[in-house]
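Residue-level listing of the chains:
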Amino acid sequence: MQMDYSSIRAIHITSVALSITLFALRGLLQLASFNWRQWRLLRLVPHLNDTVLLTAAITLSYMSGQYPLAQPWLTAKIIALFFYIAAGSIALRENVRIGHRRIAFALALLAVLYIVGVAWKRSPTLALF
Ligand code: HEM
């Protein structure tokens with residue numbers, strides 16, 4: 001099956017929205033000490049969705065010939081992506097002090113908003129300067 005660029009881009013953006021929503025939801029439930037892991041769907045869907053997100057991202061990168069390292073905005077996205085994953089995993093991990101969890105959650109949200117801004121403006125500085 002052949003998919004055109006705009007469909008894959010739409011899949012990428014939809015899974016981005018779902019990924020941020022599911023992360024924010026789990027982060028808030030975790031902050032409220034609510035056991036969201038009892039719901040199998042909430043454990044499973046984020047992983048499936050993030051796999052779709054990254055597969056679409058790599059496909060877009062390949063199809064448009066824009067690669068990390070060659071394109072500074074894509075390099076910035078990848079670095080911020082690692083930061084989002086690292087901070088996000090601390091925010092959702094069990095046995096983290098509430099203060100640390102709050103900071104990790106806020107930093108992860110900032111990182112993913114930065115990624116969206118970078119993607120939108122195609123600029124590591126968000127075209128601010
Ligand atoms: C959490 C991680 C990510 C988020 C939140 C994200 C977000 C976005 C958003 C919002 C857009 C649409 C931008 C627009 O045209 O207005 C986009 C496009 C794109 N993203 Fe991502 N992205 C992520 C990861 C990645 C990664 C890892 C790569 C590369 C390997 C990538 C490559 C691309 C490409 C090539 C486009 C299309 C730009 C174009 O059509 O010129 N993304 N991304």
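Since the model is a prediction, treat every value here as computed from it, not as a measurement.

## A closer look at the overall build of the protein
Argument step 1. Within the protein, the secondary structure is distributed over 4 helices and 0 strands.
Argument step 2. N-terminal to C-terminal, the α/β element order of the protein is α-α-α-α.
Argument step 3. Overall, the C-alpha framework of the protein stretches about 45 × 40 × 20 Å when taken along its three principal axes.
Argument step 4. The buried share of the protein, reckoned over its 129 residues, is 19%.
Argument step 5. Counted over contacts in the protein with a minimum sequence separation of 6, partners at least 24 positions apart contribute 66%.

## Thoughts on the site of the ligand
Argument step 1. In the neighbourhood of the ligand, 21 residues make up the surrounding shell, with Ala57, Leu60, Ser61, Ile115 and Ala119 lying closest.
Argument step 2. Residue composition of the shell around the ligand, by class: 15 nonpolar, 4 polar and 2 charged.

## Quick word on the packing of helix α1 (residues 5-31) against helix α3 (residues 72-92)
Argument step 1. One can describe the packing of α1 onto α3 by two numbers: an axis separation of 9 Å at closest approach and a directional angle of 35°. In this structure, α1 contributes Phe23, Arg26, Gly27 and Gln30 to the contact, and α3 contributes Gly88, Ala91 and Leu92.
Argument step 2. Residues belonging to the contact of α1 with α3 are distributed by class as follows: 3 nonpolar, 3 polar and 1 charged.

## So, the environment of arginine 37
Argument step 1. Relative to the elements of secondary structure, arginine 37 occurs in the loop between α1 and α2 (40-64).
Argument step 2. You can call arginine 37 partly exposed: it has 13 C-beta atoms within 10 Å.
Argument step 3. When the C-alpha positions of arginine 37 and arginine 26 are compared, they lie 9.0 Å apart, and in sequence the two are 11 residues distant.

What counts, and at which threshold
For every chain, the first residue of the written sequence is number 1, and numbering continues from 1 onward in sequence order. Thresholds applied to this predicted model are a pLDDT of at least 70 for local features of residues and 80 or more for the giving and counting of side-chain atom pairs; totals over whole chains, interfaces and linings are not thresholded and use all residues. Strands are runs of DSSP state E lasting at least two residues, helices are runs of H or I lasting at least four, and both sets are numbered from the N terminus onward. Once C-beta atoms are placed from the backbone, each residue is buried if 20 or more other C-beta atoms lie within 10 Å of its own, exposed if 12 or fewer, and partly exposed for counts between those two. Residues are scored as being in contact if the C-beta atoms we place from backbone atoms lie within 7 Å. To decide whether a residue is near a molecule or strand, its C-beta atom is placed from the backbone and checked for lying within 6 Å of it. Basically, the charged four are Asp, Glu, Lys and Arg, the nonpolar ten are Ala, Val, Leu, Ile, Met, Phe, Trp, Tyr, Cys and Pro, and anything else, Gly included, counts as polar. The axes are straight lines fitted to the C-alpha atoms, using for helices just the contacting stretch, and the angles between their N-to-C directions are given from 0 to 180°.

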